[in-house]
Amino acid sequence: INDKGNLVGMYIDSASVQHGFLLVGKTLTKLDPPNVTSLATAFGINNDDVITVYGLNSSSDYLSYTTADKGKTYKAFKAPGAGALGTAIHKINNKGDIVGTYYDTASATHGVLFHAGKYYSLDDPSGTNTRADGLNDTLAIVGRYGTGAFGGTGFRATTKP
């Protein structure tokens, strides 16, 4: 949810298909990015109404996008070093910085920060299984790392790339 009260998320329709959405007031807009065939999720929205959206393609690889016009056009987002499994972007702050997760060629997960036109990998001490889930306008980042589907340890990092 942004400071204007606009919010994003996901819903499952009567055919059991997951879609991303934008809710502005009482108007719901479905967000289904190109080539996403399942699990579309709108994950973040900033005060300029730029939205982060991701989902899976027909090969179960992550595709990520931003949209600034309520889903009329999408800009692809893929972290350098991402393998076939792709990138899942999560939050965007009011400065346009983005955090997410990418899967390398060995399918290990790494957190990623996109800031000032550059990408930065975020890794736990072992170097794998890190996910960056959120950030604020001062670049404080929260996420998790470790084994298991959801990681075992949460973290908060303040960075100045």
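Everything discussed here concerns the structure shown above.
Residues numbered from 1 in each chain as written. Predicted model: local features only at pLDDT ≥ 70, side-chain atom pairs only at ≥ 80, totals over all residues. Heavy atoms only, no water.

**Concerning the nonpolar core**
Of all hydrophobic cores here, the largest spans eight residues; its members are V99, L113, L122, A132, L135, L139, I141 and F155. In this structure, L22, A42, I45 and I51 belong to the second largest nonpolar core, which totals seven residues. (Core = buried A, V, L, I, M, F, W, Y, C linked by side-chain atoms within 4.5 Å. Buried < 20%, exposed > 50% of the residue type's maximum accessible area, 1.4 Å probe, protein only.)

**Some details on the sheet that holds strand β13 (residues 140-145)**
The three strands are arranged β12-β13-β14 in an open sheet whose pairing can be described as antiparallel. Whereas interior strands pair on both sides, the edge strands pair on one side only; in this sheet they are β12 (130-135) and β14 (153-158). Averaged over neighbouring strand pairs, the angle between their axes works out to 30 degrees when direction is ignored. Inspection of the sheet shows β13 paired to β14 by six bridges, in the antiparallel sense. Within β14, the position partnered with A140 by the bridge is T158. (Pairing = 2+ DSSP bridges. Helix = DSSP H or I, 4+ residues; strand = E, 2+ residues; numbered from the N terminus. Axes fitted to C-alpha atoms, helices over the stretch in contact; angles between N-to-C directions.)

**A closer look at the environment of D123**
In this structure, D123 sits in the loop between β11 (118-122) and β12. Looking at D123, the relative accessible area reads 39%, which means it is partly exposed. Counting along the chain gives 11 residues from D123 to V112, while the straight-line C-alpha distance between them is 8.6 Å. In contact with D123, other than residues within four places in its own chain, are T109, H110 and T130. Side chain to side chain, D123 and H110 meet in a polar contact 2.6 Å long. (Contact = heavy atoms within 4.5 Å. Polar contact = N/O pair within 3.5 Å; in protein donor to acceptor, adjacent residues only side chain to side chain.)

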